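Coordinate inspection notes
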Amino acid sequence: MNQILTCITLPAADSLRRGIIPRTDDATTVSPDFLTHLSADADLTLIPPSMEPPTGYTCRHVPALRMVDMGAWQGIALKDLPPAGLARWTTDATFAPPGGESRAELLHRITHWLTELPVTPAHVRVLVDATVIKAIVIAALGGDAGMLSRLDIAPCSRTVLTRHTTWRVRMTGTALS
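Before going into details, it helps to say that this report is about the structure given with it. Keep in mind the model is a prediction, meaning the values are calculated, not measured. Numbering of residues begins from 1 in every chain and follows the order in which that chain's sequence is written. Given that this is a predicted model, residues contribute local features only at a pLDDT of at least 70 and side-chain atom pairs are listed and counted only at 80 or more, while totals for whole chains, interfaces and linings are drawn from all residues. To get the side-chain values, all heavy atoms of the structure are used, and hydrogens and water are removed first.

Some words on the overall build of the protein chain
Using the following cut-off: Secondary structure elements are taken from DSSP: a helix is a run of H or I of four residues or more, a strand is a run of E of two residues or more, and numbering for both begins at the N terminus. In this description the radius of gyration comes from C-alpha coordinates, and the expected globular size is given by 2.2 Å times residues to the power 0.38. Methods summary: accessible areas were calculated by the Shrake-Rupley approach with a probe of 1.4 Å, and residue burial reflects only the protein chains presented. A positive count includes Lys and Arg, and a negative count includes Asp and Glu. His and the chain ends are not counted in either. Taken as the charge centre is NZ of Lys, CZ of Arg, CG of Asp or CD of Glu, depending on the residue.
Helix and strand counts for the protein chain come out as five helices and six strands. The secondary structure elements of the protein chain, listed N-terminal to C-terminal, are β-α-α-β-β-α-α-β-α-β-β. Over its C-alpha trace the protein chain gives a radius of gyration of 16 Å, about what one expects of a compact globule, namely 16 Å for 177 residues. In terms of overall dimensions, the protein chain has a C-alpha envelope of 50 × 35 × 25 Å along the principal axes. Of the roughly 9,000 Å² of accessible surface on the protein chain, a fraction of 55% belongs to carbon and sulfur atoms. Side chains of the protein chain give 16 positive and 16 negative charges; the mean places of these two sets differ by 4 Å.

Quick look at the side chain of R158
For the record, the criterion: Summary of the burial criterion: residues with accessible area below 20% of their type's maximum are buried, those above 50% are exposed, and those between are partly exposed, where the area comes from a 1.4 Å probe applied to protein chains only. The working definition used for a salt bridge is a side-chain nitrogen of Lys or Arg within 4 Å of a carboxyl oxygen of Asp or Glu. Whether two residues are in contact is decided by their heavy atoms, any of which lying within 4.5 Å being enough.
Relative to the helices and strands, R158 resides in strand β5 (residues 157-163). Although R158 is buried, it forms no salt bridge, and the closest oppositely charged side chain is D41 at an N-O distance of 7.7 Å. Once you skip the residues sitting within four places of it in the chain, R158 turns out to touch T6, C7, I8, H37, M171, T172, G173, T174, A175 and L176.

Structural notes on the pairing of β5
Convention followed: Note on pairing: two strands pair once DSSP finds at least 2 bridges between them.
Most of β5 is tucked away, with seven of its seven residues classed as buried. Covered by surrounding structure in β5 are S157, T159, L161 and R163 together with R158, V160 and T162, the residues of both alternating faces. Two elements, strand β1 (residues 3-9) and β5, share six bridges in a ladder whose sense is antiparallel. In the sheet register, C7 faces β5, and the bridge partner there is T159. With six bridges connecting them, β5 and strand β6 (residues 167-175) associate as antiparallel partners. Note on β6: the bridge partner recorded for R158 is T174. Two successive antiparallel strands, β5 and β6, enclose a turn made up of three residues.

Some details on the environment of W73
Looking at where W73 falls in the secondary structure, it is placed in the loop between β3 (59-61) and α3 (83-91). Note on W73: relative accessible area 4%, which makes it buried. W73 sits 71 residues away from D144 along the chain, and the two C-alpha atoms are 24 Å apart. Each residue touching W73, except ones within four places of it in the same chain, is listed here: I21, L81, P82, G85, L86, W89, F95, P97 and P98.

Comments concerning helix α5 (residues 130-141)
Rules: To estimate how far a helix should reach, multiply one less than its number of residues by 1.5 Å. Between N or O atoms, a polar contact is any pair within 3.5 Å; within protein, one atom must be a potential hydrogen donor and the other a potential acceptor, and residues adjacent in sequence are included only when both atoms are from side chains.
Compared with the 16 Å implied by 1.5 Å per residue over 12 residues, the 17 Å span of α5 between its first and last C-alpha is a close match. α5 sits mainly inside the fold: 10 of its 12 residues count as buried. Within the sequence span of α5, burial applies to A130, V132, I133, K134, A135, I136, V137, I138, A139 and A140. The inward-facing, buried residues of α5 abut β1, α4 (103-116), β4 (123-128), β5 and β6. Between the side-chain oxygen at the start of α5 and the backbone nitrogen of T131 there is a gap of 3.1 Å, and the oxygen is on D129. Following α5 by one or two positions, G142 has its phi on the positive side, about 75 degrees.

Functional significance is not addressed by these values, which are geometric in nature.
And the structure:
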């Protein structure tokens, strides 16, 4: 049985566009314009717990698909973070912000989710944060958490993986248009 996992990157949070680290529990909503780019061929749509299910879509909330927990750094402007901490966050995959989650912990969480994802239905779609999609791709390739800082996934883009015996990356970062 072959399976397709289509990962749709959500638009960047307003706070992130202003240089502020988003709060994990901020509700994620998507505009009707964003939804017009989604095909109707997925058998199941999975979303993070903070996201409101889009109108007209049957979705399942999956806690493992939540964005990385930035702990005490949530709601703080990047320019106001301690420079040493920010430098460590970008270079050390095992470093976690105070009370938060490291990139290694994020990858572990996503690797477990991807491994446990049932082989049916044939086409699954996830609507998630770009960092979560980066972790899905790295997990599929068997990479380590250090690779998360070397992969760019744009907001409002599509990444597709296929599972035959193992996961393969078919395409990544394709515009939704």
